[in-house]
Each structure stands twice: as C-alpha cells, then as structure tokens.
Amino acid sequence: MLYKLGLIGHPISHSLSPWIHQQFLDLAELDGEYKLYEGEHEALPGVLKHLKEIGIDGFNVTVPYKQIIVDYLDEIDKDAEILRAVNTVVNIDGKWKGYSTDGEGYVRSLKEPYPNLLNHETTVLLLGAGGATRGIYRALMGQGVATIDIANRSQDKAKDLLSLRLGDVNSNVLSYQEAEQQLAKYDLIVQTTSVGMKPNVEDQVIQLDHINKDAVVSDIVYQPITTQLLHDASERGANIHHGHAMLLYQGQLAFEKWTGKNLDVAHLVDKLENKLRGE
C-alpha cells in the first residue's frame, strides 16, 4: 500500500512535516509520500476537492485552516470539537474525521525526557492563552495534575480557557506580574506564545528571578531552538524542554492515526534539531 499523506495551510513552503513524516515512513518500513498542498483561502475548496479525488489517506491542517476545515469534515473527535480546532484528518472508509493532536503530542514529548513529572501533585503555569494553549491545557488536565494556572496579558481571554477544565484540577488566572512573583511554586512552566520567535530572539514573556531550580521550563517556540526563556532557565539551573520535540510528537500521533503504527521516535528529537540547525 502506498500511503498518500500531506499538509494543507498557507504559507507552508518551509514546513518540516514532509521531512518528519518521511522519517516515520522509513522507520515503519511503509511506502508513502507526504506532500504540501498550499492554497490561499479562496483556493481551499479546490484543494480539498483534489484530496478527495486522489483518495488521500490523511492530512495535517495548519494555520489558517484549523477551524475552517471543520465545515468540510464528516465527523469530528470529541476533544477536537471542544477545542474548536482540527490539525489532523483521517480518511476512514472514504469519510473524513478530524482530530487535534497538539495537546497529546505535547504531553508525549514532555513525558519522554521527564517521565515522572506529571502526577497528582504537579503544579503547572501556562504562559499565554492562544490556540496552542487550549490543546496543551486540556491535555495536561487529562494527566490529573494538581494545579494549572494561566498567565496572560488579557485575563478575559485566559478566563475563557477555564471552560475546558476537567475533574477537580485547580486553575487560576494571573497577570504576568503575579506569575513572576509566584514562580517558585510551579513544577512546570510552559510558554505557549510566539514571544521569542525569530527574528525577535531577545524577547522573553516573563522574568525567571523567582524560579524553582527543580522546575521544568518548556517553550513551544522552536526557532530558535533554545529561546531566551530557555537560555535564562538553564542559566538558573532549571530543567528545559524544547519546542521541536512537540512538533515531532504531535506528528507521531497523527501518523499513528493514519497508519496504526505506534513508533518509538525519541531518537529523532536530536535528528530534528540538527535539521533545524541546517546541519
């Protein structure tokens, strides 16, 4: 069987998804191809019609189509419906079903280097309240941690995330200033905004003066690989977690849904880092 896979979005010409999924195909010893299907908004119906015609087995969805794609699907996974976003579509007997793999992919990427981090005593701070935050917040909730607080410039936007709460996990909304003062109480700090991304590599969403040195600081930005926030955390003796690992593991989960193959991809984290560095 030749798997037909791909990515839709705009712009996507510099996406690493084709490289990542070729690694997965090779690892699984499967024949297949992963192509980019780029199109501006008005071209989207034509792109999707083409994907139907070729019988694509599955595809990823990136900006600006994570919400729009829902109107073209036959079915949507419950979590993706709650999150109001789809980034993975699976062809199931000719019908398209949408999923969100960002949150669970993030958790998988975190548990690989820090398998004991997430438990019923873990306290988490999320920085930001955008689209990426929603999936991560929901997935971390599912791990049964003690607390997940959200710090954001707009506290009203952060409060909207509280509707995604699961079980009895404690959750509060803070300003960035409040988060900085309370930083010592968190075991995991996750930066989910675009702050610090190239070319603004010196920007940092909060200062880490009060950080707990046993904490893990995670940043979903992966260009640069080590953001100013991660550099600062490392300088202060804290543990760090890079954004490109999330990119790899959300792809792993999508590939798993398309092919049924659950791959061990831990060794590809360094390989992806070298690719990002142009090595």
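Parameters and conventions
Residues numbered from 1 in each chain as written. Predicted model: local features only at pLDDT ≥ 70, side-chain atom pairs only at ≥ 80, totals over all residues. Heavy atoms only, no water. 1 Å grid on protein atoms, 1.4 Å probe; cavity = no way out; pocket = protein on both sides within 12 Å on 5 of 7 lines; lining within 4 Å. Points joined across faces, edges and corners; volume = space filled by probe spheres on them. Helix = DSSP H or I, 4+ residues; strand = E, 2+ residues; numbered from the N terminus. Nonpolar A, V, L, I, M, F, W, Y, C, P; charged D, E, K, R; others polar. Contact = heavy atoms within 4.5 Å. Core = buried A, V, L, I, M, F, W, Y, C linked by side-chain atoms within 4.5 Å. Buried < 20%, exposed > 50% of the residue type's maximum accessible area, 1.4 Å probe, protein only.

Caption draft 1: Geometry of empty space enclosed by the protein. Enumeration over the complete set of coordinates arrives at 1 cavity of 30 Å³ or more. Put simply, the largest cavity is a space of about 30 Å³. Every residue lining the largest cavity is listed: Ser17, Ile20, His21, Tyr34, Asn60, Leu247, Gln250 and Gly251. Among the elements of the structure, α1 (17–28) and α9 (243–259) are those that each provide at least two residues to the lining of the largest cavity. Considering only residue class, the lining of the largest cavity consists of 3 nonpolar, 5 polar and no charged.

Caption draft 2: Representation of the side chain of Asp57 within the structure. Turning to its location among the elements, Asp57 is positioned in the loop between α2 (44–54) and β3 (58–61). In this view, Asp57 contacts Met1, Leu2, Tyr3, Lys4, Leu5, Val90, Asn91 and Trp258; residues no more than four positions away in its chain are not counted.

Caption draft 3: Summary view of the nonpolar core. Membership of the largest hydrophobic core comes to 29 residues, with the highest contact counts inside it found for Tyr106, Tyr137, Leu140, Ile148 and Leu188. Every element with two or more residues in this core is listed here: α4 (102–111), β7 (123–127), α5 (131–141), β8 (147–151) and β10 (188–191). With 5 residues, the top contributor of residues to this core is α5. When residues no more than four places from it in sequence are discounted, the contact partners of Tyr137 are Leu126, Ile148, Ile150, Leu161, Leu162, Leu164, Arg165 and Ser171.

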